[in-house]
Structure formats: C-alpha cells, structure tokens
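Remarks on the overall topology
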Amino acid sequence: MSKHRPALFLDRDGVINIDRGYVSRIEDFEFVEGAAEAIAAFNQRGWFVFVVTNQSGIARNYYTEDDMHALHDWMQARLAEKGARIDRIYFCPFHEEGENLRYRKDSFDRKPKPGMLLRAMADFPVKREASFLIGDKDADIEAAKAAGIAGFLFTGGNLERFAEWTLASFEDGNRG
C-alpha cells in the first residue's frame, strides 16, 4: 500500500486562474500570480495537489466537457513548464438549473457538497488530518469542512505567498 501523504486541494477559478466568469478558452485564461510556484512547492514537499472545481458552464451550455478538458490539458502543460504538477483535476459539470438536460441535476460533487474531495481521498492515499483546501468562495470552505479537512479563503494576491502562510498557520494549529 502506498504511503499516505497530505493533499493540497485548490479551487480553479479565482485561485489558480483569474476568475473572469465561466473561463473555458485559452485566450481567457490567466494564471493567478504565484499559482505555478505554489503548486511546485507542494509537489516538492511530496504533497498531492488536486483541483476541485465546479464547472456549471457545461450544464448551462456555455462550453462543452471537451472544451474544459482542452483547457485543462493546456493548463497542465503550462504548469509542467514551471515544474508544477496537478495529480488530478476533479470537476462537477452539473447544475440543477442547467440548460443541458444531460447535466441538469443536483450532484453530491457540486460544492458546497464534499463529493469531489471525498472522491480524491478515496482514489489516493491522502492523509486527511494533514490536508487542506484553498478556495475563493464560501462554498469551497463549506465543502472542505464537510470533507473533514481545513479550508482557507483566498481573496486574491500572490497564491504562493498565501499558500506558504496558510501552511505555516496550519502547522501552528490553525485548522481553518
């Protein structure tokens, strides 16, 4: 059995990239300052790094799953150029008010519910008590708490500095 390791969970829009509302095209994607460096630093520590992202734009017919996967492939390639790696991207394409009937439903994966986080912890040997999430919305923090991990609210700025501050605070006993 693999050794359990801590995990850094990151929301996408507003944490990894500037949130411009339903970002689905490469030309609209802009990394948050320090995002690649933050991910690389946690990779070097031996942590898992996961993205957990609501993607209701798929249910709303703003873009397709294929569009999202193409953007994620591009994002992963840009991160790799900076020595950063995301172990897996979990996404929820569902929304109960979606236009696309295939995706119109409530889902346990849609934050603030914890489904994506719990799935990551089932798929990988995650050390839950040593893991935390960085998100930019209350729904992210609620999902983290529901999954039994700490959650920290990122309000902008340099993600690497915020992640390092968060880790130091977490290690000092602040559990979000």
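Relevant structure appears above.
Here is a short report on the structure shown in this document. Because the structure is a prediction, the values reported are computed rather than measured.

Right, let's talk about the nonpolar core for a bit. Counting 32 residues, the largest nonpolar core has Leu8, Leu10, Phe42, Ile86, Phe132, Ile134 and Leu159 as the members making the most contacts within it. Those elements that provide at least two residues to this core are β1 (7–10), α1 (35–44), β2 (48–54), α3 (65–81), β4 (132–135), β5 (150–153) and α6 (159–171). Examining the composition of this core, we find that 6 residues originate from one element, α1, more than from any other. Contacts of Phe42, omitting those with residues within four sequence positions, involve Leu8, Trp47, Val49, Phe132, Ala163, Glu164 and Leu167. Counting 26 residues, the second-largest nonpolar core is a separate cluster that includes Ile58, Met121, Ala143 and Ala147.

Below, the discussion takes up the environment of Asp109. The topology assignment puts Asp109 in the loop between β3 (88–92) and α4 (115–123). Assessed through its relative accessible area of 16%, Asp109 is described here as buried. Taking C-alpha positions, Asp109 is 8.2 Å from Asn54, a pair spaced 55 residues apart along the chain. Polar contacts involving the side chain of Asp109 include one to the main-chain amide nitrogen of Met116, which spans 3.4 Å. A polar atom in the side chain of Asp109 sits 2.8 Å from the side chain of Arg119.

It is worth spelling out the layout of surface pockets at this point. In this model, the largest pocket occupies a volume close to 350 Å³. Elements represented by at least two residues in the lining of the largest pocket include exactly β2, α2 (56–59) and α5 (138–146). The class makeup of the residues in the lining of the largest pocket is 3 nonpolar, 6 polar and 8 charged.

The next thing to look at is the sheet that holds β4. Spatial ordering of the open sheet is given by β3-β2-β1-β4-β5, a layout of 5 strands whose pairing is parallel. Edge strands, defined here as strands with exactly one partner in the open sheet, are β3 and β5. Neighbour to neighbour, the strand axes of the sheet diverge by 20° on average, direction disregarded. As paired elements, β2 and β3 share 5 bridges and run parallel to each other. In the sheet register, Val51 faces β3, and the bridge partner there is Ile89.

One pass over the structure, following the stated rule, counts 18 aromatic pairs. Between Phe132 and Phe170, the ring centres sit 5.1 Å apart and the planes meet at 45°, which makes this aromatic pair tilted. One end of the pair, Phe132, is in strand β4; the other, Phe170, is in helix α6, and 38 residues separate them in sequence. No difference in accessibility class separates Phe132 from Phe170, as the two residues are buried. Judged by centre distance (5.2 Å) and plane angle (65°), the rings of Phe154 and Phe162 are edge-to-face. For the pair shown, Phe154 and Phe162 are each scored as buried. Taken together through their ring pairs, the aromatic side chains of Phe9, Phe48, Phe50, Tyr90 and Phe124 make up a single cluster. Against the face of Phe42 rests Arg45, its NZ or CZ located 4.8 Å from the ring centre.

Taking 1.5 Å per residue, 13 residues should reach 18 Å; α6 reaches 18 Å between its end C-alpha atoms and fits that length. Inspection of α6 places Leu159, Phe162, Ala163, Thr166, Leu167, Ser169 and Phe170 among the buried residues, and these make up the whole buried set. Down the axis of α6, the buried set is contained in an arc of 165°. They therefore lie on one face. Exposed and oriented more than 90 degrees from the buried face of α6 are Arg161 and Glu171. Residues of α6 that are buried in the fold lie against α1, β4 and β5. The backbone nitrogen of Glu160 has a side-chain oxygen 2.9 Å away, supplied by the residue at the start of α6, namely Asn158. Phi turns positive one or two residues past the end of α6, at Gly173, with a value near 110°.

The rules behind each value
- Residues numbered from 1 in each chain as written.
- Predicted model: local features only at pLDDT ≥ 70, side-chain atom pairs only at ≥ 80, totals over all residues.
- Heavy atoms only, no water.
- Core = buried A, V, L, I, M, F, W, Y, C linked by side-chain atoms within 4.5 Å.
- Buried < 20%, exposed > 50% of the residue type's maximum accessible area, 1.4 Å probe, protein only.
- Helix = DSSP H or I, 4+ residues; strand = E, 2+ residues; numbered from the N terminus.
- Contact = heavy atoms within 4.5 Å.
- Polar contact = N/O pair within 3.5 Å; in protein donor to acceptor, adjacent residues only side chain to side chain.
- 1 Å grid on protein atoms, 1.4 Å probe; cavity = no way out; pocket = protein on both sides within 12 Å on 5 of 7 lines; lining within 4 Å.
- Points joined across faces, edges and corners; volume = space filled by probe spheres on them.
- Nonpolar A, V, L, I, M, F, W, Y, C, P; charged D, E, K, R; others polar.
- Pairing = 2+ DSSP bridges.
- Axes fitted to C-alpha atoms, helices over the stretch in contact; angles between N-to-C directions.
- Phe/Tyr/Trp six-rings, centres within 6.5 Å; stacked < 30°, edge-to-face > 60°.
- Lys NZ or Arg CZ within 6 Å of the ring centre and 35° of its normal.
- Expected span 1.5 Å × (residues − 1).
- Arc of directions from axis to C-beta.

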